[in-house]
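Descriptive analysis of the structure
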Amino acid sequence: MSNDEIFAAAYREHYWAVSRYVARRLDGRTADVEEVVAEVFTVAWRRRAELPHAPLPWLYGVARNCLSNTVRGRGRYRRLLDRLGNDQAAHGRHLTRGPEAEPPGGWVHEALARLSPQDQEVLRLTAWEELGVDELALALGCGSRAASMRLHRARARLRAEIDRMDRPPAAAPRTARRTPHPPATTNAIPAKEHGHG
């Protein structure tokens, strides 16, 4: 197959996987997702001679770089708005979410959000994109041993964050004991007296 045919096959086979990868990291902002995915495949087209036999992890690596550029660009845009005194950034925050709107497993996402962006990405690539260590290494642009070590450390940090989050609820039973109700034995004695009267 020619490089053009290899690219076309990769595009057909992996377009939606790359789209999901990008959408998860941009919270589904459709216009941004489409723009980043287009950029990913533009880079892939330019570098089609470099496409590996199994291109998906490589495409994820390209998508990571494109997302970094997008995030940096968005940060520059926000700073520019701040300097200009424009409150347009505040207009985007018109939706409020109540506790009932929290998605299932929200505590996992909260713990994940406390990690560094690098740790988050390692965990997402293995959990969301279901990459093995060798594929993870290709996506991250490092060796398999380094990828395995990064994954191990990221998992350990995530466990530590989850443990930290579990501590406050452990204190809840203490507040429950401070109820103004009298002890059960006090209630039992008058009940017996009333039973004999």
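The rules behind each value
Along each chain, residue indices are assigned from 1 in the same order as the chain's sequence is written. A pLDDT threshold of at least 70 governs which residues receive local features in this predicted model, and a stricter bar of 80 or more applies before side-chain atom pairs are shown or counted, although totals over entire chains, interfaces and linings include all residues. Note: side-chain values were computed over all heavy atoms of the structure, leaving out hydrogens and water. Working definition: helices are DSSP H or I runs of at least four residues, strands are E runs of at least two. Numbering for both runs from the N terminus. Here the term buried applies to any residue with accessible area under 20% of the maximum for its type, exposed to any over 50%, and partly exposed to those in between, with areas from a 1.4 Å probe on protein chains only. Contacts are assigned to residue pairs that have any heavy atoms within 4.5 Å of one another. All accessible-area figures derive from a Shrake-Rupley calculation using a 1.4 Å probe, and residue coverage is judged against the displayed protein chains alone. Take the buried residues of types Ala, Val, Leu, Ile, Met, Phe, Trp, Tyr and Cys, join any two whose side-chain atoms come within 4.5 Å, and each joined set is a nonpolar core. N or O atoms closer than or at 3.5 Å make up a polar contact, with two conditions inside protein: a donor-capable atom paired with an acceptor-capable one, and, for residues adjacent in sequence, both atoms drawn from side chains. An arc is given here, and it is the one of the directions from the helix axis to the C-beta atoms.

Time to look at the overall build of the protein. The secondary structure content of the protein amounts to 10 helices and zero strands. Its helices and strands taken in sequence order, the protein reads α-α-α-α-α-α-α-α-α-α from the N to the C terminus. Here the protein holds 197 residues, and the buried ones make up 29% of them. Long-range pairs, those at least 24 residues apart, make up 63% of the contacts in the protein between residues at least 6 apart in sequence. On the protein, roughly 13,800 Å² of surface is accessible, and the fraction owed to carbon and sulfur atoms is 54%.

The next point concerns the nonpolar core. Formed by 40 residues in total, the largest nonpolar core has its most connected members in Val-18, Val-22, Val-40, Tyr-60 and Leu-125. Mapped by element, the contributors of at least two residues to this core are helix H1 (3-25), helix H2 (30-46), helix H3 (56-84), helix H5 (106-113), helix H6 (117-127), helix H7 (133-140) and helix H8 (144-170). The greatest single-element share of this core, amounting to eight residues, is contributed by H3.

Take the side chain of Arg-25 next. Positionally, Arg-25 belongs in helix H1. Residue class for Arg-25 comes out buried when judged on its relative accessible area of 15%. At 3.0 Å, the side chain of Arg-25 and the side chain of Glu-129 are in polar contact. For Arg-25, the contacting residues outside a window of four places in its chain are Leu-67, Glu-121, Arg-124, Leu-125, Trp-128 and Glu-129.

Quick look at H7 now. Among all positions of H7, only Leu-136, Ala-137, Ala-139 and Leu-140 are buried. Within H7, the buried residues cover an arc of 165° as seen down the axis, which keeps them to one side. Phi for Gly-141, located one or two positions after H7, is positive at around 75°.

For Ala-137, the position within the fold is in helix H7. According to the relative accessible area criterion, Ala-137 is buried, its value standing at 4%. C-alpha of Ala-137 to C-alpha of Arg-150: the two residues are 13 residues apart in sequence and 9.7 Å apart in space. Beyond its immediate chain neighbours, meaning those up to four positions away, Ala-137 contacts Cys-142, Gly-143, Ser-144 and Ala-147.

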